[in-house]
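Here's the letter readout for the chains.
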Amino acid sequence: MKRIAALLLLVVSTAAGFAQSPSAPAETKLSPAERNMAQAKKLIEKNPKDFEAYNALALALSRRARETSDVIFYTQAEEALQKSFAISPDNFDGQRIHVWLLLGKHEFAAALDAAKKLNQKMPDDVMLYGFLTDANVELGNYKDAEAAAQWMLDLKPGNTPGLTRAAYLRELFGDIDGSLDLMNMAYQSTPPSEVEDGAWIVTQMAHLKLATGKIDEAEKLSQQALAMFPGYHYALGNLAKVRIQQKRYDEAVELLKQRYQAAAHAESLFDLAQALQLAGRTEEAKQAFAEFERKSLLETNRADNSNHELIFYYADYAEQPAKALEIAKREYARRHDVFTLDCYAWALHVNGQNEEAHKQIKALAVGIRDAKLFRHAGEIALAAGDRSAAESYLRQSAELNALQSEQDRAALAGLTQSAAGRVTQQRNHQH
C-alpha cells in the first residue's frame, strides 16, 4: 500500500459523520478503525435505511485498510458505499468518499476529475482540497497540489490533514526541516486515543530523519511508533531501513519478514529480497525476487501496482533492461510524479539511452533531496558526459545515505583522478 493511501486517512478519520461513544471494556483492545466499524454497524442495525451510517462504515473500513495494509477493506468500503447510494442516490458525503476510494485504488486522473466537480459544488469543503492535493501530487502537478494544500490551511488553519499534506509537499520541495516542523505540529494536535494516526505521523518523522542521515533519531522515532501501535507495518519498514543503514542486515531481514506477513504486497517482498541480498543470503534472495516478479506481473496492468519496484528489479537485478523500459514507459504515460520520472530516466539509462535519460532527470527539479534519486542522476549525468553535474549529484547522495556513501565516494574519487589525469595530459601537450 503506497503512501497516498496513508495521507488520505488523515482527512477522513477526522470527518466521520457520527459521534463516538465511550468505549465499552470489550472495545478497549480494538484499534481506532475497528471501534469506528463497530459503532457504524450498530447504527446500521438500529436503522438499516440510514445512509450516513453506511458512509461512516465505508470510512472506518478504509481506515482499517491503512492499519492493516489489507486492500480487502477497500472492497468492503465500496460495498458499504453502494448501499449508501441505494438509499440516497448521489448524496454528497458518499460522492466525497467515492473520490477517496478512487485515490486509494490509484486511479488518480479519475479522482482528480471527480474532486474538481465536487469542489465546484462545495468550494469551501476542506476534505475535497485534501483530495485535490493528493491527486495532483501523484500525477506530478505540484503547483496545483501546493495551491490546494494552502486552501486547506486557509479555510481551517492548523487542521491536521492540511498540516500533513503541507509537510509532504515541503519534503518534495527539499525543505526537510519545514516538513518536520509541520509533522510535529500535526502530532501535537492528534488526540492520544488516535494511536494509529499518531504512529503514522511519528513514522513519517522517522522517515524524514533517515532521509537526512540522522539514523539514531530515525531509530528512536521508529521504535516509538511501534510502541504506540505494535506490529505497525509502516514502522517495521522504516526500522528495517535504519538497520540497513547500520549494516545490520539480518535484523533488517527479520523486520521485513514481519512486515511482509502483515502486508503481503509485492513491493514489501521486493524490499525483503534486497535485504536478503545485502545479508549475503543469496539463495533466499533469489527465491524472494522470483516470487516478487510473479506477484508484481499479476498487477502490472492495474492502477494500483508495484511497477516502480518491477522496473528496478529488471534494471538492477534481472538484467532485462528492455522489460524495465517497457514498464517505465507505461507508467510515464500515466503519471509524472518525481518517483515515476526517476524510474523512467533510470530505465532509459540501463538501455544505453543516456542523452534522453539526462534530459529526463526532471525528478530533481522540484527540489527533492533523496539519496537514491541523486545517485541515479549522478550515474546518468556521468554516462552522458556531464561530469560537473555527476560530481554534484554523487556528492549529495553520499551526504544523505551512509550505505551508498562508499560507492559514491569511490565514484567521486574516480572522477577526481580522471580530471587530474586530463589536466596532466593537457600540460604535457602544452610543453
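Remember, predicted model here, so these are calculated numbers, not experimental data.

1. As for the overall build of the protein chain
In terms of helices and strands, the protein chain carries 23 helices and zero strands. Counting all 431 residues of the protein chain, 54% fall into the buried class. Taking as baseline every contact in the protein chain between residues at least 6 positions apart, the subset at least 24 positions apart corresponds to 59%. A total accessible area of about 19,200 Å² is found for the protein chain, and carbon and sulfur atoms account for 51% of it.

2. Some details on the confidence of the model for the protein chain
Residue-level pLDDT values for the protein chain average 89, and 87% of them are 70 or greater. This stretch, residues 11-26, has a pLDDT under 50; its non-local contacts, to residues over four places away or in other chains, come to 26 contacts. In this model, residues 418-431 is a region of pLDDT below 50 whose contacts with residues beyond four sequence positions or in other chains number three contacts.

3. Quick notes on the nonpolar core
Ranked by size, the top nonpolar core spans 90 residues in total, and within it L172, Y232 and L364 carry the most contacts. Once you skip the residues sitting within four places of it in the chain, L364 turns out to touch L373, F374, A377 and Y393. Core analysis: the second largest hydrophobic core is formed by 39 residues, L59, A77, L128 and A148 among them.

4. Points about the environment of K359
You can see K359 is positioned in helix α20 (residues 354-359). In this structure the C-alpha to C-alpha distance between K359 and A384, which are 25 residues apart in sequence, comes to 9.7 Å.

5. Things to note about helix α10 (residues 176-188)
Taking 1.5 Å as the rise per residue, α10 with 13 residues should run 18 Å; its terminal C-alpha atoms sit 18 Å apart, in good agreement. By the burial criterion, the buried members of α10 are I176, G178, S179, L180, L182, M183 and A186.

6. Describing the pattern of salt bridges
Following the criterion strictly, the structure yields 27 salt bridges and no others. Of the charged contacts, one joins R170 and E146 as a salt bridge, the two residues approaching to 3.2 Å between their closest N and O atoms. Taken together, the residues R170 in helix α9 (residues 160-172) and E146 in helix α8 (residues 142-155) connect sequence positions 24 residues apart. What makes R170 partly exposed here is its relative accessible area of 24%. E146 sits in the partly exposed class, given a relative accessible area of 36%. With a closest N to O distance of 2.8 Å, K209 and E217 form a salt bridge. Through salt bridges that share partners, R63, R66, E194, E196 and D197 make up one connected network.

Analysis parameters
- All residue numbers refer to position in the chain's written sequence, counted from 1.
- Totals for whole chains, interfaces and linings use every residue, but because this is a predicted model, local features are given only for residues with pLDDT of at least 70 and side-chain atom pairs only at 80 or more, for both listing and counting.
- To obtain the side-chain values, all non-hydrogen atoms of the structure were used and water was disregarded.
- A run of H or I in DSSP becomes a helix once it reaches four residues, and a run of E becomes a strand once it reaches two; helices and strands are each numbered from the N terminus.
- Each residue's exposure class comes from its accessible area (1.4 Å probe, protein chains only) as a fraction of the maximum for that residue type: buried when under 20%, exposed when over 50%, partly exposed otherwise.
- Note on definitions: a residue-residue contact is assigned when non-hydrogen atoms from the two residues lie within 4.5 Å.
- For the area figures, the Shrake-Rupley method with a 1.4 Å probe applies, and any residue is considered shielded solely by the protein chains shown.
- A residue's pLDDT is simply how confident the predictor is in it, with values from 0 to 100.
- Throughout this description, the term nonpolar core refers to a set of buried Ala, Val, Leu, Ile, Met, Phe, Trp, Tyr and Cys residues connected via side-chain atoms within 4.5 Å.
- What a helix is expected to span follows from its residue count: subtract one and scale by 1.5 Å.
- Salt bridges are identified by distance alone: a Lys or Arg side-chain nitrogen within 4 Å of an Asp or Glu carboxyl oxygen.

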